[in-house]
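Breakdown of the fold
Listed below are the residues making up each chain.
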Amino acid sequence: MTIDQYILTCVYVLAGVLGLCVGSFLNVVIYRLPNGMNLAKPDSHCTTCDYVLKWYDNIPVLSYIILGGKCRSCKQPISPRYMLVEIFNCLMWLLSVYMFWETSIVYAVLSAIVSSILVCIFFIDLEHMIILDRFQIMLAVAGIVAMFFDPYTEWYDHILGSIIFGGSFLIIYFLVLGILKKEGLGFGDVKLAFASGLFLGWQKMLPMILIGTVSASIVLMIVKAVRRDEAGHEYPFGPFLSVGILVSMYVGAPIIDWYLSLF
Ligand SMILES: [Zn+2]
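Thresholds, definitions, all that
Residues numbered from 1 in each chain as written. Predicted model: local features only at pLDDT ≥ 70, side-chain atom pairs only at ≥ 80, totals over all residues. Helix = DSSP H or I, 4+ residues; strand = E, 2+ residues; numbered from the N terminus. Rg over C-alpha atoms; globule rule 2.2 N^0.38 Å. Buried ≥ 20, exposed ≤ 12 C-beta atoms within 10 Å, placed from the backbone. Core = buried A, V, L, I, M, F, W, Y, C linked by C-beta atoms within 7 Å. Domains from an automatic or database assignment. Contact = placed C-beta atoms within 7 Å. Nonpolar A, V, L, I, M, F, W, Y, C, P; charged D, E, K, R; others polar. Expected span 1.5 Å × (residues − 1). Bend = angle between axes of the 7 residues up to and from the residue. Axes fitted to C-alpha atoms, helices over the stretch in contact; angles between N-to-C directions. Parallel < 35°, antiparallel > 145°, perpendicular 65-115°, else oblique. Left-handed = near helix turned anticlockwise from the far one by under 90°.

**Some details on the overall build of the protein chain**
Scanning the protein chain from terminus to terminus reveals nine helices and zero strands. Seen in sequence order, the protein chain has helices and strands lined up from the N terminus as α-α-α-α-α-α-α-α-α. Taking 263 residues into account, the globule formula puts the C-alpha radius of gyration at 18 Å, and the protein chain, at 20 Å, falls close to it. In terms of overall dimensions, the protein chain has C-alpha extents of about 60 × 55 × 30 Å along its principal axes. In the protein chain, buried positions account for 34% of the 263 residues.

**Thoughts on the nonpolar core**
Membership of the largest hydrophobic core comes to 52 residues, with the highest contact counts inside it found for V114, L118, C120, I121 and F199. Breaking this core down by element, the ones donating at least two residues are helix 1 (3-32), helix 3 (81-100), helix 4 (105-128), helix 5 (133-149), helix 6 (155-180), helix 7 (187-200), helix 8 (202-227) and helix 9 (238-261). In terms of residue count, helix 4 provides more of this core than any other element does, 13 residues in total. Formed jointly, this core draws a minimum of three residues from each of two domains, domain 1 (1-102) and domain 2 (105-263). Beyond its immediate sequence surroundings of up to four residues, V114 is in contact with L139, A142, F199 and M249.

**Some details on the domain arrangement of the protein chain**
As far as domains go, the protein chain holds domain 1 (1-102) and domain 2 (105-263). Placing a centre on the C-alpha atoms of domain 1 and another on those of domain 2 gives a separation of 25 Å. A per-element tally of the side of domain 1 that touches domain 2 places helix 3 first, with ten residues. Per-class residue counts for the side of domain 1 that touches domain 2 are 16 nonpolar, two polar and no charged.

**Focus: unusual backbone geometry**
Negative phi characterises most residues that are not glycine, and trans characterises most peptide bonds. For the bond running from K41 to P42, omega is -10 degrees, close enough to zero to count as cis. Phi at D50 takes a positive value of approximately 70 degrees, unusual for a residue other than glycine. Along the polypeptide, D50 turns up in the loop between helix 1 and helix 2 (62-66). Owing to 10 C-beta atoms within 10 Å, D50 belongs among the exposed residues under this scheme.

**Some details on helix 1**
Because each turn of an α-helix spans 3.6 residues, side chains separated by three or four positions in sequence point in the same direction. Helix length check: helix 1, at 30 residues, gives a terminal C-alpha distance of 43 Å against a target of 44 Å (1.5 Å per residue), a fit within 8%. Among all positions in helix 1, only A15, G19, V22, G23, S24, L26, N27, V29 and I30 are buried. As for helix 1, its buried residues are in contact with helix 3 and helix 4.

**Considerations on helix 9**
In helix 9, a bend of some 70 degrees at V251 exceeds every other bend along the element, and P254, a proline, comes one to four places later. Considered for burial, the residues of helix 9 that qualify are G238, P239, F240, L241, S242, G244, I245, L246, S248, M249, G252 and A253. Considering only its buried residues, helix 9 is in contact with helix 4, helix 7 and helix 8.

**Thoughts on the environment of G19**
The residue G19 is located in helix 1 in this model. Since 26 C-beta atoms lie within 10 Å of it, G19 is described here as buried. Expressed as a C-alpha distance, the spacing of G19 and N89, which sit 70 residues apart in the sequence, is 5.6 Å. In this structure G19 touches N89, C90, M92, W93 and L94, once residues within four positions along its chain are discounted.

**A closer look at the packing of helix 1 against helix 4**
Relative orientation of the contacting elements helix 1 and helix 4 amounts to 30 degrees, with a least axis distance of 10 Å. Relative to helix 4, the element helix 1 is oriented roughly parallel. The two elements helix 1 and helix 4 cross, and the hand of that crossing is right-handed. Each of A15, V22, L26, V29 and I30 in helix 1 lies in contact with helix 4, whose residues at this interface are A112, S116, V119, C120, F123 and I124. In terms of residue class, the contact of helix 1 with helix 4 is made up of ten nonpolar, one polar and no charged.

**Remarks on the environment of C46**
Relative to the elements of secondary structure, C46 occurs in the loop between helix 1 and helix 2. Among the residues examined, C46 registers 18 C-beta atoms within 10 Å and is labelled partly exposed. In this view, C46 contacts Y51, C71, S73, C74 and Q76; residues no more than four positions away in its chain are not counted.

**Things to note about the environment of H158**
With respect to the secondary-structure elements, H158 resides in helix 6. Judged by local crowding, H158 falls into the buried class, with 26 C-beta atoms found within 10 Å. Taking the C-alpha atoms as reference points, H158 and R227, separated by 69 residues in sequence, lie 40 Å from one another. Once residues within four sequence positions are removed from consideration, H158 is found in contact with G143, A146, M147, T153, L198 and G201.

This is the structure we're talking about:
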């Protein structure tokens, strides 16, 4: 094993373990932030019986499996979402190393952080229909860093992305508001378009919008059919945009290159 391979192996192990631990923290963020609770206090506890989790109840994934998905004290089932978030975040952090580490270490770290921000946006918007401003700001800051370290784009591509897509969303927002006299698009989605445009750059926004709108159409069609919803029921758009941003961040560049190679 060469020294380079040895270092890369260490990076993978570190990214995997850190990804799991951060995933565990994201669960706390997803549950507490939208409810206006403090992130540090009180200690993690069962939401049914208030049993305070010991350190050995708090080991990512392992504790969930050992406890059989139930609270140690009251045996109430714990949502599998906790374990899914940990595993998913871990996989995204490994993917960041795999995709970007050898081209740009900064961008690899940045993409790992952004994937975690997107996990929070996804679950909080899904449950509470809100995209918190602090995540928009974090994404915008990531966008400023990406201007200089994104291996695929130039710095001005990111500014263009923000103006074009944020601007389009803003126009659509006011058009719908003016014509239908109601919010078709949440203002949080408009802010998300500005922030993610800055992060991805205009090229990668194209597959992002496509993935976001197509997946939203398909999923909502199925959900409405299954639930037999009457018109007027509102659904969040943020989770679909988050999936679009995530996919485009990792494979947007190869998708564009493949598409352009067809001509
Ligand atoms: Zn309990």
